[in-house]
Amino acid sequence: MSTNLTAPVDQSPHHHKPKTRRPRLSYPKVLLIISGSLILLSLLRIVTGANNLTESGQYTAALNAAVPIGLAGLGGLWSERSGVINIGLEGMMMLGAFSAGAVGWQHGPWAAALAGVIGGALGGLLHAVVTITFGVDHIISGVAINIMALGLTQFLAKLWFGADGSAASAAGGNDKQSPPMPDMPTFTVPGLSDWLYSIEQHHWFLVSDVAGILGSLVTNVSWLTVVTAVIFVLTFFVLWRSSFGLRLRSCGEGPIAAESLGVNVYRYKYAAVAVSGALAGLGGAFLAIYVHIYQDGQTGGRGYIGLATMIFGNWRPGGVAMGAGLFGFMDALQLRGGGPTVHALLLLLAVLLVGLAVWKLRAGQRTQAVISLVAAVLLAVWYATSDTVPLEIVGVAPYIATLLVLSLAAQRLRPPKAIGKIYRRGQGK
């Protein structure tokens with residue numbers, strides 16, 4: 001007597017339908033995108049005469065603007081990969097910036113950075129206790145932390161920096177800001193920096209543009225920026241190339257299955273949210289160290305933009321870095337270039353929308369193709385009939401870029417499966 005162990009074959013017409021897999025961005029594709037972007041920027045600079053688009057000063061400012069956004073996005077990545085939504089990144093950045101200002105004026109920028117990490121980590125641990133241990137909704141907890149951090153930092157600033165007769169007040173502090181702190185050390189590669197700058201000044205097509213971008217990477221670079229780059233690399237190897245990272249990500253994908261394999265889900269979630277707060281706090285500390293003081297309202301919504309970079313980056317470190325670079329570029333552009341430079345970007349955006357319309361049309365999405373084409377025509381008309389962009393629009397350009405990029409990236413997003421869900425030990429039994 002034999003037993004047939006072969007499962008019956010499903011003869012339905014849907015059984016053999018192949019699953020469509022979305023193409024992944026390989027390294028050659030990434031290099032192709034970067035090369036195409038450089039060529040477009042160079043062409044745009046020549047056509048419009050907006051040299052600020054590829055000047056080394058522009059990319060130095062963009063790099064400094066991208067660091068706090070990138071650290072906030074990376075903090076969100078750590079937390080959400082473990083399954084905990086962290087809307088409180090803005091508040092943790094506030095705590096980090098305040099802690100840096102409170103310590104930096106007496107003990108220097110490196111102590112300020114460490115204080116920022118500790119301040120942000122405390123905010124992260126509070127979020128962890130409320131959401132992981134007590135099971136409060138993640139969104140409610142994050143919003144509450146943002147509100148609490150705002151009130152707490154304003155109260156402590158009056159108490160520590162603005163008190164009459166205090167050492168901080170005598171050193172230049174007041175109710176709204178801390179006393180100034182020393183500069184963070186920077187480095188410049190001698191010889192190479194001057195050579196790249198000389199090439200940049202010739203304004204050659206593509207060559208000078210690349211020289212300007214590379215020059216920003218070897219001229220007056222903050223050591224804290226280097227630390228941030230190292231953190232991005234370490235995050236990739238820890239979360240995707242180690243057993244610790246595999247267990248942490250399993251808590252965000254299937255905590256019940258992870259628990260069945262012996263993973264202490266609570267411990268990994270706590271560790272991830274604490275690291276998340278520490279990274280956001282370091283981002284806030286960078287803001288204070290960069291301008292040498294803590295100021296009320298210094299974060300300016302960068303925690304929320306960091307959250308957007310994490311979503312745009314599809315919960316991957318490389319994507320977060322690209323998103324932070326884009327938003328940092330827009331932030332620096334509206335500060336350095338102003339209306340005329342942002343006006344030049346209207347032409348670039350019109351061209352990109354035409355390309356998007358063609359792509360959507362080939363994919364059979366006619367409605368989206370028509371919308372993209374109409375938007376491209378309107379932008380082209382706006383560019384042709386004006387010489388600059390109103391300052392009000394220039395100021396919100398980074399946020400407009402955030403909405404546009406997220407709307408385009410929404411089709412490719414794949415968040416962790418158990419993100420935002422309340423977990424209780426033993427609930428799978």
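Explain the overall build of the protein chain to me, please; I cannot follow it from the model alone.
Along its length, the protein chain carries 18 helices and two strands. Relative to the globule expectation of 22 Å for 429 residues, the C-alpha radius of gyration of the protein chain, 24 Å, shows essentially globular dimensions. Seen along its three principal axes, the alpha-carbon backbone of the protein chain occupies a region of about 90 × 55 × 40 Å. Looking at the 429 residues of the protein chain, the share that counts as buried comes to 46%.

Looking at this structure, I do not really get empty space enclosed by the protein. What am I missing?
Leftover empty space is mapped by rolling, across the atoms, a probe with the size of a water molecule. Enumeration according to the criterion identifies two cavities of 30 Å³ or more in this entry. Taken as a whole, the largest cavity holds about 60 Å³ of empty space. What lines the largest cavity is simply V84, T131, I132, H138, Y266, K269, K421, I422, Y423 and R424. Within the residue set of the lining of the largest cavity, elements represented by two or more residues are α4 (109-133) and α12 (265-291). Of the volumes computed, that of the second largest cavity is approximately 50 Å³. Every residue lining the second largest cavity is listed: R45, N51, T54, E55, E200, H203, S208 and D209.

In this structure, what is going on with the packing of helix α7 (residues 192-200) against helix α8 (residues 207-216)? I would like to understand it.
Close contact between α7 and α8 brings their axes to 8 Å; oriented N to C, the two are set at 145°. For the pair α7 and α8, the crossing hand works out as left-handed. Judged by residue contacts, L196, I199 and E200 of α7 engage V207, S208, A211, G212, L214 and G215 from α8. Split into classes, the residues belonging to the contact of α7 with α8 amount to five nonpolar, three polar and one charged.

Any chance you could explain the pattern of salt bridges here in plain terms?
A side chain with one charge may pair with a side chain of the opposite charge, provided their charged atoms come close. The tally for this structure, following the rule as stated, stands at five salt bridges. Notably, a salt bridge pairs K176 with D296, separated by 3.6 Å at the nearest N-O pair. One end of the pair, K176, is in the loop between α6 (167-170) and β1 (186-187); the other, D296, is in the loop between α12 and α13 (302-312), and 120 residues separate them in sequence. Here D331 and R302 are joined by a salt bridge, their closest N and O atoms 3.6 Å apart. In this pair, D331 is assigned in helix α14 (residues 317-336) and R302 in helix α13, connecting sequence segments 29 residues apart. Take D331: its relative accessible area is 11%, and that puts it in the buried class. Through salt bridges with shared partners, a single network forms among R81, E253 and R414.

Honestly, the nonpolar core in this entry has me stumped. Any pointers?
Inside soluble globular proteins, nonpolar side chains tend to come together where they are buried. Residues F98, F161, L224, I289 and Y294 are the most contacted members of the largest nonpolar core, which totals 56 residues. When residues of this core are traced back to their parent elements, those giving at least two are α2 (56-81), α3 (89-107), α4, α5 (138-160), α9 (223-240), α10 (243-253), α12 and α13. Each residue touching Y294, except ones within four places of it in the same chain, is listed here: A97, F98, G101, T153, A157, F161, K176, Q177, S178 and A288. By size, the runner-up hydrophobic cluster in this structure holds 23 residues, among which are Y59, I305, A332 and A401.

What exactly am I supposed to notice about the side chain of H138 here?
Topologically, H138 is positioned in helix α5. Given a relative accessible area of 5%, H138 falls into the buried group.

How do you make sense of the packing of aromatic side chains when you look at a structure like this?
Pairs of aromatic rings are described using the distance from one ring centre to the other and the angle between the two planes. Using the criterion set out here, one finds 12 aromatic pairs in the structure. Between the aromatic rings of Y266 and Y423, the centroid separation amounts to 5.4 Å while the plane-to-plane angle is 80°, which identifies the pairing as edge-to-face. In this pair, Y266 is assigned in helix α12 and Y423 in the segment after α18 (397-409), connecting sequence segments 157 residues apart. We note that Y266, like Y423, is buried. Put simply, the rings of F98, W160, F161 and Y294 touch in pairs and so form one group of aromatic residues.

Could you clarify how one ought to interpret unusual backbone geometry in this entry?
With glycine set apart, most residues show a phi of negative sign, and most peptide bonds adopt trans. Residues other than glycine seldom take positive phi values, yet H203 does so here, at roughly 55°. Residue placement: H203 occurs in the loop between α7 and α8. A positive phi is found at W315, a non-glycine position, where the angle reads about 60°. With respect to the helices and strands, the residue W315 is situated in the loop between α13 and α14. Take W315: its relative accessible area is 6%, and that puts it in the buried class.

Sorry, what's going on with a nonpolar patch on the surface here?
Judged by side-chain polarity, I39, L40, L43, I46, F205, V351 and L352 come together as a nonpolar surface patch covering roughly 570 Å² of accessible area. For the nonpolar patch, the secondary structure elements donating two or more residues are α1 (27-48) and α15 (338-362).

How should I be thinking about the packing of α9 against α10 in this particular structure?
Two quantities define a packed helix pair, namely the angle between the axes and the distance from one axis to the other. Viewed as axis vectors pointing N to C, α9 and α10 meet at an angle of 75°, and their least axial separation amounts to 5 Å. When the axis of α9 is compared with that of α10, the two are roughly perpendicular. Of α10, the residues touching α9 (which contributes V238, L239 and W240) are F244, G245, L246, L248 and R249. Broken down by class, the residue content of the contact of α9 with α10 amounts to six nonpolar, one polar and one charged.

Whenever I open this one, the side chain of T299 confuses me. Can you help?
In this structure, T299 sits in the loop between α12 and α13. For T299, a relative accessible area of 4% corresponds to the buried category. Those residues in contact with T299, other than ones at most four positions away along the chain, are E90, M93, M94 and L287.

Calculation rules
- Residues numbered from 1 in each chain as written.
- Predicted model: local features only at pLDDT ≥ 70, side-chain atom pairs only at ≥ 80, totals over all residues.
- Heavy atoms only, no water.
- Helix = DSSP H or I, 4+ residues; strand = E, 2+ residues; numbered from the N terminus.
- Rg over C-alpha atoms; globule rule 2.2 N^0.38 Å.
- Buried < 20%, exposed > 50% of the residue type's maximum accessible area, 1.4 Å probe, protein only.
- 1 Å grid on protein atoms, 1.4 Å probe; cavity = no way out; pocket = protein on both sides within 12 Å on 5 of 7 lines; lining within 4 Å.
- Points joined across faces, edges and corners; volume = space filled by probe spheres on them.
- Axes fitted to C-alpha atoms, helices over the stretch in contact; angles between N-to-C directions.
- Left-handed = near helix turned anticlockwise from the far one by under 90°.
- Contact = heavy atoms within 4.5 Å.
- Nonpolar A, V, L, I, M, F, W, Y, C, P; charged D, E, K, R; others polar.
- Salt bridge = Lys/Arg side-chain N within 4 Å of Asp/Glu carboxyl O.
- Core = buried A, V, L, I, M, F, W, Y, C linked by side-chain atoms within 4.5 Å.
- Phe/Tyr/Trp six-rings, centres within 6.5 Å; stacked < 30°, edge-to-face > 60°.
- Patch = residues over 30% accessible without salt bridge, like charges linked within 9 Å, V, L, I, M, F, W, Y side chains within 5 Å.
- Areas by Shrake-Rupley, 256 points an atom, 1.4 Å probe, with all protein chains shown as cover.
- Parallel < 35°, antiparallel > 145°, perpendicular 65-115°, else oblique.

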